[in-house]
Amino acid sequence: MSTATPDEQHLRKAISLAVANVSNGGGPFGAVVVTPDGGVFPGVNRVTATNDPTAHAEVVAIRAACTSIASFDLSGSVLYSSCEPCPMCLASALWARVDRVVYAADRNDAARAGFDDAVFYDYFSAPVEERSMPSSQLRLPASEGPDHCAPFDAWAAHSDRIPY
């Protein structure tokens, strides 16, 4: 009889998914979302297999859970990941309102295997004007068409909007 806690069991599942995914043409990352009702939604990294840079294991698992429960809100859920989530995956978990994240390997372990997220952490910590990929706002004149706030004005005026 196993004495493993539920956290340990789900984390081992995420790690097992990651190991198996390597043989299936994917990256060495696995994740599992566990919803409050006990639903378990796995995800594996499919970035190179699908040519989708957003197909990280955590995002795949979040998408599966949200699709299954027909909601973008995963409040009360836990995300288990074989590795510390990158900034994109962590942001996805935040947007999904995941309650907590449990991970095995950390960003340093990933870097030793060739998956160095330091550039992303550095990007967000750098002042906007010093970032490696320039990003700037361009405000369009309202006199020539929809201006920068037109989408938000439309959203605010839409009576059937679903706040998130």
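Residues numbered from 1 in each chain as written. Predicted model: local features only at pLDDT ≥ 70, side-chain atom pairs only at ≥ 80, totals over all residues. Heavy atoms only, no water.

In the annotation of an unreviewed UniProt entry, the entry for the protein chain reads Nucleoside deaminase, and the organism field reads Arthrobacter crusticola. In its Sequence similarities (unreviewed entry) section, UniProt records this for the protein chain: "Belongs to the cytidine and deoxycytidylate deaminase family." (UniProt positions renumbered as here; feature names shortened; annotations may be inferred.)

Caption draft 1: Here's a closer look at the nonpolar core. Counting 16 residues, the largest nonpolar core has Val 33, Ile 62, Leu 74, Leu 79 and Val 98 as its most contacted members. The element contributing the most residues to this core is helix H3 (residues 57-69), with 5 residues. Core analysis: the next-biggest nonpolar cluster, separate from the first, contains 9 residues, Leu 11, Val 34, Val 44 and Val 102 among them. (Core = buried A, V, L, I, M, F, W, Y, C linked by side-chain atoms within 4.5 Å. Buried < 20%, exposed > 50% of the residue type's maximum accessible area, 1.4 Å probe, protein only. Helix = DSSP H or I, 4+ residues; strand = E, 2+ residues; numbered from the N terminus.)

Caption draft 2: Spatial organisation of the sheet that holds strand S4 (residues 100-105). One open sheet holds the 4 strands; their spatial order is S2-S1-S3-S4, and the pairing between them is mixed. The open sheet terminates on both sides in strands that have one partner only, identified here as strand S2 (40-44) and S4. Direction aside, neighbouring strands of the sheet carry axes that sit 15° apart on average. Relative to strand S3 (residues 78-83), strand S1 (residues 30-34) is paired through 4 bridges, and the arrangement is antiparallel. Across the sheet, Val 33 pairs through a bridge with Leu 79, a residue of S3. Against the sheet, H3 contacts S1, S2 and S3, and its axis sits at roughly 145° relative to S2. (Pairing = 2+ DSSP bridges. Axes fitted to C-alpha atoms, helices over the stretch in contact; angles between N-to-C directions. Contact = heavy atoms within 4.5 Å.)

Caption draft 3: Structural detail: the packing of aromatic side chains. Following the criterion strictly, the structure yields 5 aromatic pairs and no others. With 4.9 Å between their ring centres and 90° between their planes, Phe 29 and Phe 115 make a pair best called edge-to-face. One end of the pair, Phe 29, is in the loop between helix H1 (6-23) and S1; the other, Phe 115, is in the loop between helix H5 (107-112) and helix H6 (118-125), and 86 residues separate them in sequence. Residue class for Phe 29 comes out buried when judged on its relative accessible area of 15%. Ring geometry for Phe 72 against Tyr 164: centres 5.8 Å apart, planes inclined by 65°, an arrangement best described as edge-to-face. (Phe/Tyr/Trp six-rings, centres within 6.5 Å; stacked < 30°, edge-to-face > 60°.)

Caption draft 4: Spatial organisation of the state of the cysteines. Counted under the stated rule, the structure contains 0 disulfides. Of the cysteine sulfurs around Cys 83, a residue in no disulfide, the closest is that of Cys 86, at 9.2 Å. When its relative accessible area of 5% is taken as the criterion, Cys 83 is described as buried. Among the cysteines around Cys 86, which has no disulfide bond, Cys 89 carries the closest sulfur, lying 3.7 Å off. Its relative accessible area of 10% is what places Cys 86 among the buried residues. (Disulfide = S-S within 2.5 Å.)

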